[in-house]
Amino acid sequence: APVLPCLAIFGTSCPPMTALFNLLPEAVGTIDADSKQAILEQLANRFAQVYGLDPVLVLERIEEREKLGSTGFGRGVAIPHARIPELARPVAAFFRLASPVSFDAADGMPVDMVFGLLSPEGAGAAHLHALAAISRMMRDEQMHAALGEAPGAEAIYALLANVIDRDAA
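Now for a description of the structure that goes with this document. All values derive from a computational prediction rather than experimental measurement.

Cut-offs applied
- Residues numbered from 1 in each chain as written.
- Predicted model: local features only at pLDDT ≥ 70, side-chain atom pairs only at ≥ 80, totals over all residues.
- Heavy atoms only, no water.
- Salt bridge = Lys/Arg side-chain N within 4 Å of Asp/Glu carboxyl O.
- Helix = DSSP H or I, 4+ residues; strand = E, 2+ residues; numbered from the N terminus.
- Buried < 20%, exposed > 50% of the residue type's maximum accessible area, 1.4 Å probe, protein only.
- Phe/Tyr/Trp six-rings, centres within 6.5 Å; stacked < 30°, edge-to-face > 60°.

Let us now look at the pattern of salt bridges. Applying the stated criterion across every chain, the model contains four salt bridges. We note a salt bridge from lysine 36 to aspartate 104, for which the minimum N-O separation is 3.4 Å. Separated by 68 residues along the polypeptide, lysine 36 in helix α3 (residues 36–51) and aspartate 104 in the loop between β5 (91–101) and β6 (111–120) bring together distant segments of the chain. Judged by its relative accessible area of 16%, lysine 36 is buried. Measuring nitrogen to oxygen at the nearest pair gives 3.3 Å for the salt bridge that ties glutamate 141 to arginine 75.

This part takes up the packing of aromatic side chains. Scanning the model with the defined rule gives three aromatic pairs in all. Ring geometry for phenylalanine 21 and phenylalanine 115: centres 6.1 Å apart, planes at 80°, overall edge-to-face. Linking phenylalanine 21 in the loop between α2 (17–20) and β1 (22–31) with phenylalanine 115 in strand β6, this pair joins segments that are 94 residues apart in sequence. On the basis of relative accessible area, phenylalanine 21 is assigned to the buried category, the value being 2%. Overall, phenylalanine 115 belongs to the buried group, its relative accessible area being 0%. When the centroid spacing of 5.4 Å and the interplanar angle of 75° are considered together, the rings of phenylalanine 94 and phenylalanine 115 count as edge-to-face. Linking phenylalanine 94 in strand β5 with phenylalanine 115 in strand β6, this pair joins segments that are 21 residues apart in sequence. Within the aromatic cluster, the residues linked to one another by ring pairs are Phe21, Phe94 and Phe115.

With that settled, the discussion passes to unusual backbone geometry. Among all residues save glycine, negative phi is the norm, and among peptide bonds the norm is trans. For arginine 75, which is not a glycine, the phi torsion comes out positive at approximately 55°. Residue position: arginine 75 is located in the loop between β2 (72–74) and β3 (77–78). Residue arginine 75 is classed as partly exposed on the basis of its relative accessible area of 32%. Located in the positive-phi region is aspartate 104, a residue other than glycine, with phi close to 55°.

Take a look at the structure:
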């Protein structure tokens, strides 16, 4: 697959996804949420449980980022992200929603997939590389469809891990 988005943004080819962020199976799931706020709260709690982070701090940082502009980037996908002190490397979480929720996305469409990313406070380029890789993966039509049709969290994780591992090869 071409690496044009990274070339265009960074002037270099993209690093492999496994080098960009850690995604554990426990950080992937399907959730019920009735609002953007409920999604962000569940995301903060999942990051806290899986990666041992402070849920209050994570929620604060994600909310601060949302105030700058919605992370709903279109086609039913949101990528809430933030920088967290004392984090060793970027970590990710993925939710598929039971039903679409309004997220103030650029295209006005509600979201049904949420890919959260937390990076260390000082991770400038690393954070941007990880965001670019996630957005590229989520813009892929086949991947988007497969994630929407996957029967459950294990199948969703397998799809994501397969792409992440393939990009590392």
